[in-house]
Amino acid sequence: NATDGKYHAELSITQGVKLSTKKFLIKRRKLGKYFPSAFGVLTFENAATISRIKITNPDGKETDWHGMFDWAEFTGADAFWYLAGRTNADGPNADEHFPWVEKNISRLPELGIEAHSRKLKFGAYIVSHLTFGRYKYKNYKYAFDYNSEKGGPVETQSISIADDKRVSDIIKLVKVFNETPEIDYIGLDYIRNALGGYELVNEFVQDMDVQVPIGWEKFGSSKRMCWLANEKVSRRNMGLIDQWQWWRAHIVSKIIDRITKEVKLKKPLWLFTLAWGKGWQHGQDSVMFSDAGMDMNALMLYEANRQQFDVLLDNWHNYIKKGETNFVLGNVVDWPLHQRLLNPPGPEEFYNRLVEATKTVYNNGIADGIFIHDLSRALSGRIKPYSTKEWLLAGASAITEMRRLNGVLSITAEINLESVLSLKKEFIIPVVVKNISSTKQNEVSVKIHLIGGEILGESEKVVDRLLPGQTQVVDFRGIIKSASWEKKLKNMVAVQIKSTGRMATVFKYVTSK
C-alpha cells in the first residue's frame, strides 16, 4: 500500500509515445474512534432460534436467551456481538429474493434493548460469502476450488466475490440493521474467498496483465482454473501470487466501499479478518480494508500453535501501525486449537496469546480492543477438561490486562496464594486489592472463584473505601477435596473486582495434590 503523498506517473518506454501527466494525491481515509478505549467484546456465533435458546448462566442456573447477557456482564465486556445474518438452503426452493434466515431478525430490537439495559452495546453481524444447508441457491455464482482427487475444479459452498447479487443481498440486510436503532455496530464475516476463488481467473489475468501460457485463448474455463491453481500451489511464481493476493483484496475493498455508500452507513462497521500472512493469503488487507470503510478490524488470532503464533505476531508487528487499522484482537474458546495444552492450562494459554498480541501487534503502541470468540463455543464446544467458567474467566482477565496496559483501570488485584496446595486441607486465599486511580473508590466488591473446589464461608466481600494508591488484603477460605487428574492436578483461582469503574478479573492456577 502506498503511503500518503503526491505522485506522478512515468512510462518506462517513451519512444514514439506522446505523454501528458499530472501529479495526483494519495490520501488514506482517516480512522475515527468507534469504540470506547480498551474495548472488550463477547461474541455469540450460533443461529439457533432465540425463543428456544437455553443457557446455563454464571451462577449455574438454566435460563433463556437473557443468559447471553449475563455472561457478557461476567466477562466485563463493553459490547455483545451476535450472529444475525446467515443463509441456509435447506430445501430445493430456497428464497432467492431475501435469502437470510429471518426467524431471529425480528427479535434483534429486543436483544438490543436488553443489552442497553445492562449498559452494553449491541452488534449484529452477517456471514457474507458462505452459505449453509444441503442445497444451493440457483441465482448465485459459487466459487470454485481445485480438487486433486478429482483432477480439476469443483464448485464449493462459498459464493464468488464476483457475484453482484450476493453483494446486493448483503446490502439489503445491512440496510435493515442500519435502520434498527437498537443495533449499535454492524459486522461482516467471511468477506473474502471463503473457499477457492479460481473462477475469477479471467478477470484476474485481464486486470493484472498476467503473463499466461502460449495458447491461452484456446484454454477452456476448467483448464484456466487448473493453471491458476497449479501456479498458486506450486509457488513457482511468487510475483503472480503477490498479484493474486493484492487483486482479491482490491476486489473485496470495492465491495466494502459499495456497501457503505449504498447503505449510507451511519453505524460503525467491523469485519472479521484472518491473521495468517497478514491476511494476504486469504485476499484480505487490513490497511486497504480500513481505507475502503472498515471501522473496526476483528483480527482472528486462531488456529496456530505457539511457535506459529509468535511468527504470525512478528509479521504483523513489522507491518502495521496504530492508526492504520483499528484492531479488536480475538481468540477462540477451543482446547484443540490451543494444542490440548495442560501446562500451561488451555485457558491460561488462551489468555497469554491475547495479552501478547495486545502488547506487540502494533509496532508503535498498545492495542486497545479484545473479543472473546465465542459464548456458544464456551458453553457447548470443545472446552473440556476445562469448564465454561474457566475459559471465560481467562477471557475476562485478558480484557482486564488490556485495560491495565491502556491505563484505564481503576482497581487491580493480586492472588497471593501458594502455587502448591494440599488436598482436603483448608487454606487461606489472600487477595491484595489496590486502587490505581486518582480518585477514591467506595463499596469495592471482591468476589472469589475456586474451580473444582469449595469456598468456605463468604465468596463475596466488600471493601468500604480505598483511597488513591491504597491497598487492602481481603482473605477468603477454600478447600479442594478431589484431585483434577484430567487437568494435571491444576485448579483455577480467580477474583473479580467491581467498583465505580470497569470490572477487573485476575486468575491463577495452583497445583492441588
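Each remark here, short or long, concerns the structure printed above.
The structure contained in this document is the topic of the report that follows. (Residues numbered from 1 in each chain as written. Predicted model: local features only at pLDDT ≥ 70, side-chain atom pairs only at ≥ 80, totals over all residues. Heavy atoms only, no water.)

## Regarding a nonpolar patch on the surface
On the surface, L11, V17 and L19 cluster together into a nonpolar patch covering about 260 Å² of accessible area. Take V17: it is sitting in the loop between β1 (5-7) and β2 (24-26). Look at V17 and you get partly exposed, because its relative accessible area is 41%. (Patch = residues over 30% accessible without salt bridge, like charges linked within 9 Å, V, L, I, M, F, W, Y side chains within 5 Å. Areas by Shrake-Rupley, 256 points an atom, 1.4 Å probe, with all protein chains shown as cover. Salt bridge = Lys/Arg side-chain N within 4 Å of Asp/Glu carboxyl O. Helix = DSSP H or I, 4+ residues; strand = E, 2+ residues; numbered from the N terminus. Buried < 20%, exposed > 50% of the residue type's maximum accessible area, 1.4 Å probe, protein only.)

## Focus: the pattern of salt bridges
Counted by the stated rule, this structure contains 27 salt bridges. For E262, the salt bridge is made with R258, and the minimal N-O distance between the two is 2.8 Å. Of this pair, E262 and R258 both sit in helix α6 (residues 238-263), 4 residues apart, roughly one helical turn. A relative accessible area of 41% places E262 in the partly exposed class. Through salt bridges with shared partners, a single network forms among D70, E73, E114 and R118.

## Here's the deal with the sheet that holds strand β22 (residues 490-498)
Overall, mixed pairing links the 5 strands, which are arranged β16-β23-β22-β18-β20 in an open sheet. A strand with exactly one partner marks an edge of an open sheet, and here the two such strands are β16 (420-421) and β20 (460-466). Inspection of the sheet shows strand β18 (residues 441-450) paired to β20 by 6 bridges, in the antiparallel sense. Bridge pairing in β20 links V444 to V463. Across the sheet, helix α11 (residues 388-405) touches β18, β22 and β23 (504-512), and the angle it forms with β23 is around 130°. (Pairing = 2+ DSSP bridges. Contact = heavy atoms within 4.5 Å. Axes fitted to C-alpha atoms, helices over the stretch in contact; angles between N-to-C directions.)

## Let's talk about helix α9 (residues 346-360)
With 15 residues, α9 extends 21 Å between its outermost C-alpha atoms, agreeing within 8% with the 21 Å of an ideal straight helix rising 1.5 Å per residue. All buried positions along α9 are accounted for by G346, P347, E349, F350, Y351, R353, L354, V355, A357 and T358. The secondary structure elements touched by the buried residues of α9 are α8 (306-317), β13 (327-332), β14 (369-373), α11, β22 and β23. (Expected span 1.5 Å × (residues − 1).)

## Some details on the sheet that holds strand β6 (residues 79-85)
Strands belonging to one sheet form pairs held by backbone hydrogen bonds; the direction of such a pair is parallel or antiparallel. With parallel pairing, 8 strands are arranged side by side around a closed barrel as β3-β6-β7-β10-β11-β12-β13-β14. Here the average twist between neighbouring strands, direction ignored, is 25°. In this structure, strand β12 (residues 296-300) lies alongside β13, joined through 4 bridges in parallel fashion. Looking at β13, one finds that N297 is bridged to F327.

## Examining the pairing of strand β8 (residues 142-147)
In this sheet, strand β9 (residues 152-159) lies alongside β8 in antiparallel orientation, the contact comprising 5 bridges. Within β9, the position partnered with Y142 by the bridge is I159. Between β8 and β9, which pair antiparallel one after the other, the connecting turn spans 4 residues, and G151 there sits at a positive phi close to 70°.

## A closer look at unusual backbone geometry
Following N343, the chain continues to P344 via a peptide bond in cis, the omega torsion being 0°. Here P344 shows up in the loop between β13 and α9. Backbone torsion omega between K384 and P385 reads 20°, so that peptide bond is classified as cis. Among the secondary structure elements, P385 is positioned in the loop between α10 (375-380) and α11. Unlike most non-glycine residues, K119 shows phi in positive territory, near 65°. Following the sequence through the fold, K119 ends up in the loop between α2 (108-117) and β7 (121-127). In this structure, K424 is a non-glycine residue whose phi angle is positive, near 60°.

## Side note on the packing of aromatic side chains
Scanning the entire structure with this criterion turns up 34 aromatic pairs. A ring pair is formed by F39 and Y185, whose centres lie 5.8 Å apart and whose planes are at 75°; its orientation type is edge-to-face. Of this pair, F39 sits in strand β3 (residues 39-44) while Y185 sits in strand β10 (residues 185-189), and the two are 146 residues apart along the sequence. F39 gets classed as buried once you look at its relative accessible area, which sits at 0%. With 5.3 Å between their ring centres and 85° between their planes, W280 and Y319 make a pair best called edge-to-face. Taken together, the positions of W280 in the loop between β11 (269-274) and α7 (286-292) and Y319 in the loop between α8 and β13 put the pair 39 residues apart, joining distant regions of the chain. Taking the relative accessible area as the measure of exposure, W280 reaches 30% and is therefore partly exposed. A connected cluster of aromatic rings, assembled from ring pairs, spans F35, F39, W81, Y125, Y185, W270, F272 and F371. Against the face of F219 rests K223, its NZ or CZ located 4.2 Å from the ring centre. Across from the ring centre of W280, 4.3 Å away, lies the NZ or CZ of K278, which sits over that ring. (Phe/Tyr/Trp six-rings, centres within 6.5 Å; stacked < 30°, edge-to-face > 60°. Lys NZ or Arg CZ within 6 Å of the ring centre and 35° of its normal.)

## Observations regarding the environment of A413
Within the secondary structure, A413 is located in strand β15 (residues 411-415). Here A413 is in contact with V431, V432, V433, V495, I497 and V506, once residues within four sequence places are set aside.

## Re the side chain of T156
Of note, T156 is situated in strand β9. Its relative accessible area of 9% is what places T156 among the buried residues.

## What about the nonpolar core?
Judged by nonpolar contacts, the single largest core of 90 residues is most densely connected at M68, F80 and Y82. If one sorts the elements of this core by residue count, α6 sits on top with 10 residues. When neighbours within four sequence positions are excluded, Y82 is seen to be in contact with F44, N46, A48, I50, M68, N104, L108, L111, F122, G123, A124 and Y125. Listed in part, the 25 residues of the second largest apolar core include I411, V433, V444 and V493. (Core = buried A, V, L, I, M, F, W, Y, C linked by side-chain atoms within 4.5 Å.)

## A closer look at the packing of helix α4 (residues 201-208) against α6
Helix-helix packing: each pair is described by the crossing angle between the helix axes and the interaxial distance. The contact between α4 and α6 brings their axes to 11 Å, and the two run at 105°. Judged by the angle between their axes, α4 and α6 are roughly perpendicular. Residues E203, F204, D207 and M208 of α4 touch α6, and the partners they reach there are L240, Q243, W244, W246 and W247. For the contact of α4 with α6, a count of residues per class yields 6 nonpolar, 1 polar and 2 charged. (Parallel < 35°, antiparallel > 145°, perpendicular 65-115°, else oblique. Nonpolar A, V, L, I, M, F, W, Y, C, P; charged D, E, K, R; others polar.)

## Structural notes on α11
With 18 residues, α11 should reach 26 Å at 1.5 Å per residue; the first-to-last C-alpha distance of 26 Å fits that figure. Taken across its 18 residues, α11 has 15 buried, putting it largely inside the fold. In the stretch just after α11, G407 is the one whose phi turns positive, near 70°.

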